[in-house]
Amino acid sequence: MTASHGAHGAAPAAEISTATALGPGPTLTARDISVYYPGQTRAALAAVRVDIGPQDLVVALGPSGCGKTTLLNVLAGFIVPSQGSVTLGNVPVRGPGADRAVVFQSNALLPWLDVAENIVFGLKLQGAAPQEQDAVAAHMIALVGLAGWGRRRIWELSGGMRQRVGLARALASASRVILLDEPFSALDPFTREQMQELLLDVWRQAGRGAFLITHDVEEALFLATEVLLMSPAPGRITERVRPDFGARYRAGEPTRSIKKDPAFIAMRERLLEGILRAPAPAADTPA
Ligand SMILES: Nc1ncnc2c1ncn2[C@@H]1O[C@H](COP(=O)(O)OP(=O)(O)OP(=O)(O)O)[C@@H](O)[C@H]1O
Ligand SMILES: [Mg+2]
């Protein structure tokens, strides 16, 4: 990350709380979640439990088909689970809502709007005053390192810049939890690492829990307060790890020094072995 918005140079927490004025978010809780897709006999998710508090960045890690996106869709309210419950605070989640923002791998940005308009699109729909929209847009644009780009169109941006806009839009919304499905997987390794640092910089200040999906063991270990190692057929959590590497980054340790630390490498290799041992997903037999 550049000096302008490293952990060490990001905008102060007070600014973001005036921008969003929401305070710390509630915990998003999923209990005993099982999902059977129509016509399938094997569970896409079986007895999954997750807690995402305002200080948590929970990362789901696992091979293709282990149910990561299914779990995100349940948390977002896009899918109603076959069994189990999802609550935000003490309120049952019954469908999609503005309290949970989703950032996808390729962002659903609106090409006919500029960067600032995309960032405050949700706020505008919720009826925020124009002055508030302008203030939030300016703050978020600075926070994600896009100063000077507010009036540019989406097609003028690189892939990494588009993901910055997607992240800014999620933070600008009144969401209490942010759900990210492989947000950085289409980026080159250098941009990807910058985005990981940006996420660590902004997520804690936002006072909101985050749930992120990745295939990348290194990304999971670097970002997560908790890694959920998942395995397919049926999709389930096989191991939970609580790394402290993201906290070390926020305390000022350089990313490269963290990622080449023997403790980081040992944990990375152990998780990788766990993933490689997972059974390959087989086609389900129709019910
Ligand atoms: N709409 C659907 N209908 C039927 N089966 C589905 C549907 N969506 C996903 N599945 C199945 O559920 C299982 C889990 O899929 P899911 O997309 O959650 O996995 P994933 O871990 O996100 O995979 P990837 O890493 O490839 O994105 C897979 O076996 C998949 O084929
Ligand atoms: Mg997926």
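The rules behind these values
Residues numbered from 1 in each chain as written. Chains lettered and ligands numbered in written order. Predicted model: local features only at pLDDT ≥ 70, side-chain atom pairs only at ≥ 80, totals over all residues. Pairing = 2+ DSSP bridges. Helix = DSSP H or I, 4+ residues; strand = E, 2+ residues; numbered from the N terminus. Axes fitted to C-alpha atoms, helices over the stretch in contact; angles between N-to-C directions. Buried ≥ 20, exposed ≤ 12 C-beta atoms within 10 Å, placed from the backbone. pLDDT = per-residue confidence, 0-100. Contact = placed C-beta atoms within 7 Å. Parallel < 35°, antiparallel > 145°, perpendicular 65-115°, else oblique. Left-handed = near helix turned anticlockwise from the far one by under 90°. Nonpolar A, V, L, I, M, F, W, Y, C, P; charged D, E, K, R; others polar. Near = placed C-beta within 6 Å.

Our next topic: the sheet that holds strand β6 (residues 100-103). Read from one edge to the other, the open sheet built from six strands follows the order β6-β7-β8-β3-β9-β10, with strand pairing classed as mixed. Where the open sheet ends on each side, the last strands, each with one partner, are β6 and β10 (236-241). Neighbour-to-neighbour, the strand axes of this sheet turn through a mean angle of 20°, independent of strand direction. Bridge count for strand β3 (residues 57-61) against strand β9 (residues 226-231) is four bridges, and the pairing is parallel.

Let us look at helix α2 (residues 68-76). Within α2, nine of the nine residues are buried, leaving the element largely enclosed by the surrounding structure. Considered for burial, the residues of α2 that qualify are Lys-68, Thr-69, Thr-70, Leu-71, Leu-72, Asn-73, Val-74, Leu-75 and Ala-76. Of the residues one or two after α2, Gly-77 is the one with positive phi, at around 90°.

Confidence along the protein averages 88 in pLDDT terms, with 89% of residues attaining 70 or more. Taken together, the stretch residues 1-20 has pLDDT below 50 and engages in 35 contacts with residues farther than four places along the chain or on a different chain.

A word on the packing of helix α6 (residues 159-172) against helix α7 (residues 189-206). Put simply, α6 and α7 touch, their axes get as near as 11 Å, and they point 10° apart. The orientation of α6 relative to α7 falls into the category roughly parallel. Relative to α7, the crossing made by α6 is right-handed. From α6, Gly-160, Gln-163, Arg-164, Leu-167 and Leu-171 reach across to α7, where they touch Thr-191, Gln-194, Met-195, Leu-198, Leu-199, Val-202 and Ala-206. Here the residues of the contact of α6 with α7 sort into seven nonpolar, four polar and one charged.

What follows concerns the environment of Glu-226. You can see Glu-226 is positioned in strand β9. For Glu-226, a count of 19 C-beta atoms within 10 Å gives the class partly exposed. Excluding residues within four positions of it along the chain, Glu-226 makes contact with Asp-56, Val-58, Arg-240 and Arg-242.

What the four strands build is an open sheet, ordered β2-β1-β4-β5; its pairing is antiparallel. Every interior strand has two partners, whereas the edge strands, β2 (45-52) and β5 (91-92), have only one. Across two bridges, the pairing between strand β4 (residues 83-88) and β5 is antiparallel. Bridge pairing in β5 links Thr-87 to Pro-92. The strands touched by α2 within the sheet are β1 (28-35), β2 and β4, with β1 carrying the most contacts at an inclination of about 125°.

It is worth spelling out the site of ligand 1 at this point. With respect to spatial proximity, 13 residues lie near ligand 1, and among them Tyr-37, Ala-44, Ser-64, Thr-69 and Thr-70 are the closest. Across the shell around ligand 1, the residue classes tally to four nonpolar, eight polar and one charged.

Attention shifts here to the environment of Ala-44. Tracing the chain through its elements places Ala-44 in the loop between β1 and β2. Sequence-wise, Ala-44 and Ala-233 are 189 residues apart; in three dimensions their C-alpha atoms are separated by 7.0 Å. The contact partners of Ala-44, leaving out residues within four places of it in the chain, are Val-35, Tyr-36, Tyr-37, Gly-67, Thr-70 and Gly-235.

Let us look at the packing of helix α5 (residues 130-143) against α6. Here α5 crosses α6 at 135°, and the two axes come no closer than 10 Å. The orientation of α5 relative to α6 falls into the category oblique. Read as a crossing pair, α5 and α6 show a hand that is right-handed. Contact residues: α5 offers Val-136, Met-140, Ile-141 and Leu-143, while α6 offers Ala-168, Leu-171 and Ala-172. Residues that form the contact of α5 with α6 fall into these classes: seven nonpolar, no polar and no charged.

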